[in-house]
Amino acid sequence: ENIVRECGAVPATIAILDGAIHIGLTPAALDHLGALGPKCRKVSRRDLAAVIALQENGATTVSATMLLAHKAGIRVFVTGGLGGVHRGGETTLDISADLTELGRTPVAVVCA
């Protein structure tokens, strides 16, 4: 987040903590999220309602982040990776929801 600030932007890490959507985390909340490790769910768009209803913790995928960023008025966000079609996708049909979300939600995604 410091690099984002140094470049003149405002960081707003998005996550779900105890069933509540957070857009922008305090340093303590960011540490808590990291400390959860494998107890923290990977949350795609389709998982948002369940994680919130069950008051769970979750790190958002690009598809969930795009949706929540859009609802918060964030027009651009940066991510380290974008889901896609995986090896063997023609047989497993394991196609990331990120690809669908890119065509559905008006948020620009900058990807490393």
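Everything quoted here is computed from the prediction, not taken from an experiment. (Residues numbered from 1 in each chain as written. Predicted model: local features only at pLDDT ≥ 70, side-chain atom pairs only at ≥ 80, totals over all residues. Heavy atoms only, no water.)

Enquirer: Please explain the pairing of strand E2 (residues 20-23) as it appears in this structure.
Expert: If a strand is regular, its side chains alternate between the two faces of the sheet. As paired strands, strand E1 (residues 14-17) and E2 are joined by four bridges and run antiparallel to one another. What sits directly across from Ile14, in E2, is Ile23. Taking the residues that link successive antiparallel strands as the turn, the E1-E2 hairpin has two residues, and the phi of Asp18 there is positive, at about 50°. (Pairing = 2+ DSSP bridges. Helix = DSSP H or I, 4+ residues; strand = E, 2+ residues; numbered from the N terminus.)

Enquirer: Looking at this model, I keep getting lost on the sheet that holds strand E3 (residues 41-43). Mind explaining?
Expert: Backbone-to-backbone hydrogen bonds join strands into a sheet, with any given pair of strands oriented parallel or antiparallel. With respect to topology, four strands assemble into an open sheet ordered E2-E1-E4-E3, the strand pairing being mixed. The open sheet has two edge strands, E2 and E3, and neither has a second partner. Strand-to-strand, the axes of this sheet are offset by a mean angle of 25°, without reference to chain direction. For E1 and strand E4 (residues 58-60), the ladder comprises two bridges, and the chain directions are antiparallel. (Axes fitted to C-alpha atoms, helices over the stretch in contact; angles between N-to-C directions.)

Enquirer: Would you mind going over the pattern of salt bridges with me for this structure?
Expert: Where charged atoms from two side chains of opposite charge approach closely, those side chains can pair. Inspection of every chain in the model, using the stated rule, returns five salt bridges. With a closest N to O distance of 3.5 Å, Arg5 and Glu1 form a salt bridge. The partly exposed category is assigned to Arg5, whose relative accessible area is 46%. By relative accessible area, which is 31% here, Glu1 ends up partly exposed. The closest approach of N and O atoms between Arg104 and Glu101, which form a salt bridge, is 3.4 Å. With Arg104 and Glu101 both in helix H6 (residues 97-104) and three residues apart, the pair spans about one turn of that helix. Salt bridges sharing partners connect three or more residues here, namely Arg45, Glu101 and Arg104. (Salt bridge = Lys/Arg side-chain N within 4 Å of Asp/Glu carboxyl O. Buried < 20%, exposed > 50% of the residue type's maximum accessible area, 1.4 Å probe, protein only.)

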